[in-house]
Amino acid sequence: TKLTASQVIDQYVVYAIKQSLYTNERNIKAISVEYNFPSQSFFGRYFKRITGMSPNEYIKNHNIKSINFAK
């Protein structure tokens, strides 16, 4: 796969986090606690490093409530 074990784990964790952000069932702080990040700030930096966008940006662009299905 040409990915390190750390990269595979990061991709898996971010995939799970994206699902949580997509459904918007919990706020960002609750998600950061759920995934055992030491702080919400660290969580935001981690997510941005992997995805290129902050958790808030992801929610604005990919959240089920923000997507217009009636086009």
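Fair warning: this is a prediction, and the values are worked out from it, not measured in the lab. (Residues numbered from 1 in each chain as written. Predicted model: local features only at pLDDT ≥ 70, side-chain atom pairs only at ≥ 80, totals over all residues. Heavy atoms only, no water.)

On to the side chain of Ser20, then. With respect to the helices and strands, Ser20 occurs in helix α1 (residues 5-23). The class for Ser20 is buried, based on a relative accessible area of 8%. Among residues more than four places away in sequence, those in contact with Ser20 are Glu25, Arg26, Ile31 and Tyr35. (Helix = DSSP H or I, 4+ residues; strand = E, 2+ residues; numbered from the N terminus. Buried < 20%, exposed > 50% of the residue type's maximum accessible area, 1.4 Å probe, protein only. Contact = heavy atoms within 4.5 Å.)

Before going further, it helps to examine the pattern of salt bridges. Counting across every chain of the model gives one salt bridge. Between Arg26 and Glu34 there is a salt bridge, and its shortest N-O distance comes to 2.8 Å. Owing to a relative accessible area of 40%, Glu34 belongs among the partly exposed residues under this scheme. (Salt bridge = Lys/Arg side-chain N within 4 Å of Asp/Glu carboxyl O.)

Mean pLDDT for the chain: 87, with 87% of residues reaching 70 or above. The spread of mean pLDDT over the elements of the chain runs between helix α4 (residues 55-62), the lowest at 88, and helix α3 (residues 40-51), the highest at 96. (pLDDT = per-residue confidence, 0-100.)

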